[in-house]
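Understanding the architecture of this molecule
Here is what each chain is made of, one letter per residue.
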Amino acid sequence: MKKFIAGVATVALLGIGQIAYAGETPAGEGAAVYFANLEDGATVSSPVKVVFGLSGMGVAPAGTEKENTGHHHLFVNRAPFGEGEDGADEADYNIPADENHIHFGGGQTEISVDLPPGSHTLQLVLGDKDHIPHDPPIVSEVITITVQ
Ligand SMILES: [Cu+2]
């Protein structure tokens, strides 16, 4: 099941399919989030600057009801977006707010984050005004970076 959901997220990212598998706020056609300044496998030093890229949508602060907008969320050191710990489809629920899920409800498009030395995974997920992923979800690839 996990693999299947990850596949759906990939399809959504590539804009190939329109699979109803998310909240109710429609995603922009072909919308995509991506890491603008980091590549998978990069070696960096802390604090790590992470710049969020978004195409096909605009950024708006949380709570803003406007078509084709959303705000960024950074998933840190957790499983790829898909199935939550309780087995529920994460696409249908608010993105949690904790140390593994950082919200940028002010509409921020970058962060400088302190990370201890070692390997870390990062993923970007766009959320609507209520912090729920769009339909289909707009998620980046998961990248792994090494902090020196
Ligand atoms: Cu949020």
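Residues numbered from 1 in each chain as written. Predicted model: local features only at pLDDT ≥ 70, side-chain atom pairs only at ≥ 80, totals over all residues. Heavy atoms only, no water.

**Considering the overall build of the chain**
Counting its regular elements, the chain contains 1 helix and 9 strands. Counting from the amino terminus, the chain carries its helices and strands in the arrangement α-β-β-β-β-β-β-β-β-β. Across the 148 residues in the chain, those meeting the buried criterion constitute 43%. The long-range fraction of contacts in the chain, counting pairs at least 24 apart against all pairs at least 6 apart in sequence, stands at 70%. (Helix = DSSP H or I, 4+ residues; strand = E, 2+ residues; numbered from the N terminus. Buried < 20%, exposed > 50% of the residue type's maximum accessible area, 1.4 Å probe, protein only. Contact = heavy atoms within 4.5 Å.)

**Here's the deal with the confidence of the model for the chain**
Looking at the chain as a whole, the pLDDT averages 88, with 85% of positions reaching at least 70. In the model, residues 1–21 has pLDDT below 50 throughout and makes 33 contacts with residues more than four positions away in sequence or in other chains. (pLDDT = per-residue confidence, 0-100.)

**Digging into the pairing of strand E9 (residues 143–147)**
Side-chain alternation along E9 places Ile 143, Ile 145 and Val 147 on a buried face and Thr 144 and Thr 146 on a face that remains uncovered. Two elements, strand E8 (residues 118–127) and E9, share 5 bridges in a ladder whose sense is antiparallel. Counted as the bridge partner of Leu 122 is Ile 143 from E9. (Pairing = 2+ DSSP bridges.)

**Considerations on unusual backbone geometry**
Looking along the chain, the bond that leaves Ser 46 and enters Pro 47 is cis, with omega of -5°. On the secondary structure map, Pro 47 appears in the loop between strand E2 (43–44) and strand E3 (48–55). Each neighbour pair has its own omega, and for Asp 135 with Pro 136 the value is -5°, a cis peptide bond. Mapped onto the secondary structure, Pro 136 falls in the loop between E8 and E9. If you check the backbone angles, His 131 has positive phi at about 70° while not being a glycine. Its location among the elements puts His 131 in the loop between E8 and E9. Note on His 131: relative accessible area 24%, which makes it partly exposed.

**Things to note about the coordination of the copper ion**
Donor atoms from the polypeptide that coordinate the copper ion comprise His 71 (NE2), His 73 (NE2), His 103 (ND1) and His 131 (ND1), at 2.0 to 2.1 Å from the metal. Along the chain, the residues that donate to the copper ion are spaced as H-x1-H-x29-H-x27-H. Grouping residues by exposure puts His 71 and His 73 together as buried. (Donors = N, O, S within 2.8 Å, 3.2 Å for Na, K, Ca; no water.)

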